[in-house]
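Architecture at a glance
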Amino acid sequence: MSIVIDHEECIGCETCVELCPEVFSMIPEEEKAMVTAPDSTAECVQDAIDACPVTAISR
Ligand code: SF4
């Protein structure tokens, strides 16, 4: 199981980073988020998946 962000879909709203900063970060100089801990089982991952406005996060 690996957490993935579809970079084509991500609009860089930073919601996932705010909800779950241990797993998501913003890519410097880009309006996209990235996954820093793809194997994380943190509960906030699901919160971020549910909150992403463009459903760009999957696992
Ligand atoms: S919540 Fe979704 S659209 Fe917003 S930064 Fe994260 S992956 Fe991108």
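A brief structural summary. Computed from a predicted structure; not experimentally measured.

Summing up its helical and strand segments, the chain has two helices and four strands in all. On C-alpha atoms alone, the chain measures out to a radius of gyration of 10 Å, which is about the 10 Å that the 2.2 N^0.38 rule sets for 59 residues. The principal-axis extent of the C-alpha atoms belonging to the chain is close to 25 × 20 × 20 Å. In the chain, buried positions account for 34% of the 59 residues. By sequence separation, contacts in the chain at least 24 residues apart represent 50% of the contacts at least 6 residues apart. Accessible area of the chain: about 3700 Å², with a carbon and sulfur share of 48%.

What follows concerns the state of the cysteines. For the coordinates displayed, the defined rule picks out one disulfide. Residue pairing for Cys 20: its cysteine sulfur links by disulfide to Cys 44, the two sulfurs lying 1.9 Å apart. With the S-S dihedral at roughly 45°, the linkage between Cys 20 and Cys 44 falls on the right-handed side. Taken together, the positions of Cys 20 in the loop between α1 (15-19) and β2 (24-26) and Cys 44 in helix α2 (residues 44-51) put the pair 24 residues apart, joining distant regions of the chain. The class of Cys 20 is buried, set by a relative accessible area of 0%. Judged by relative accessible area, Cys 44 falls into the buried class, the value being 12%.

On to the site of the ligand, then. As a structural note, the neighbourhood of the ligand is formed by Ile 5, Cys 10, Ile 11, Gly 12, Cys 13, Glu 14, Thr 15, Cys 16, Ala 33, Cys 52, Val 54 and Ile 57. A breakdown of the residues in the shell around the ligand according to their chemical character gives nine nonpolar, two polar and one charged.

For Ile 27, the position within the fold is in the loop between β2 and β3 (33-35). Remark: the alpha-carbon pair of Ile 27 and Ala 48, spanning 21 residues in sequence, is separated by 17 Å. Not counting residues up to four positions away in its chain, the partners in contact with Ile 27 are His 7, Lys 32, Ala 33 and Met 34.

Cut-off values and rules
- Residues numbered from 1 in each chain as written.
- Predicted model: local features only at pLDDT ≥ 70, side-chain atom pairs only at ≥ 80, totals over all residues.
- Heavy atoms only, no water.
- Helix = DSSP H or I, 4+ residues; strand = E, 2+ residues; numbered from the N terminus.
- Rg over C-alpha atoms; globule rule 2.2 N^0.38 Å.
- Buried < 20%, exposed > 50% of the residue type's maximum accessible area, 1.4 Å probe, protein only.
- Contact = heavy atoms within 4.5 Å.
- Areas by Shrake-Rupley, 256 points an atom, 1.4 Å probe, with all protein chains shown as cover.
- Disulfide = S-S within 2.5 Å.
- Near = heavy atom within 4 Å.
- Nonpolar A, V, L, I, M, F, W, Y, C, P; charged D, E, K, R; others polar.

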